[in-house]
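# Breakdown of the fold
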Amino acid sequence: MSAISLAPVTMLAVGLSAVVATAQVQLYQPIPLSVGNSIKDALSDKDIPTGKKGFAKDYIVNLAAGDKVEIAASSDNFDTFVSLIAADGSVIEENDDGPDGSTNSLLAVKITKTENYIIRVRASGENKAHGSFTLNVKKLSS
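Here the structure is a predicted model, which is why all the values come from computation and not from measurement.

It is worth spelling out the packing of aromatic side chains at this point. Considering all chains together, one arrives at one aromatic pair under this definition. Measuring from ring centre to ring centre gives 6.2 Å for Phe 78 and Phe 133, while their planes differ by 70°; the resulting arrangement is edge-to-face. A residue pair is termed long-range when its members are at least 10 positions apart, and Phe 78 in the loop between strand 5 (68–74) and strand 6 (80–85) and Phe 133 in strand 10 (residues 131–140) qualify at 55 residues.

Strands sit in the order 2-10-5-8 across an open sheet of four strands; the sheet is antiparallel. Of all the strands in the sheet, just strand 2 (38–43) and strand 8 (105–110) have a single pairing partner and so form its edges. When strand polarity is set aside, the average angle formed by the axes of neighbouring strands in this sheet is 20°. Bridge count for strand 5 against strand 8 is six bridges, and the pairing is antiparallel. By the bridge assignment for strand 8, Val 69 is matched with Val 109.

What follows covers the pairing of strand 10. Across six bridges, strand 2 lies against strand 10 in antiparallel orientation. Within strand 10, the residue paired with Ala 42 across the bridge is Ser 132. With seven bridges connecting them, strand 5 and strand 10 associate as antiparallel partners. Counted as the bridge partner of Ser 74 is Thr 134 from strand 10.

The rules behind the values
- Residues numbered from 1 in each chain as written.
- Predicted model: local features only at pLDDT ≥ 70, side-chain atom pairs only at ≥ 80, totals over all residues.
- Heavy atoms only, no water.
- Phe/Tyr/Trp six-rings, centres within 6.5 Å; stacked < 30°, edge-to-face > 60°.
- Helix = DSSP H or I, 4+ residues; strand = E, 2+ residues; numbered from the N terminus.
- Pairing = 2+ DSSP bridges.
- Axes fitted to C-alpha atoms, helices over the stretch in contact; angles between N-to-C directions.

Written as structure tokens, this is what we have:
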């Protein structure tokens, strides 16, 4: 084959690589969330696999250094578990059952670094719990 006949094949391969790379970047997209908002959502087997036979849903929220926030997750369908995760992937805080004795989750955290954080909601334990839940994120007074 001549170099001229290989050029279209090379261009096609480069073009396909770019499409695949773009698709991979778009696979993980946490749901944007603002402080002061309440979201009603649901866990299903279409969400993020946790590796513990369950699924999770991620939300991204921008928090500022010095903020005190309360993160609450509640459900009548499953035992909620909520985590606050820093931009570097480290878990800042997590909670299974809040102080009220229910299976709802509650975190109160003072933020030390301004950045985007992930709030992850999942079912507690190793189960395939599904169903609706409510997530509340509010700023506490200093």
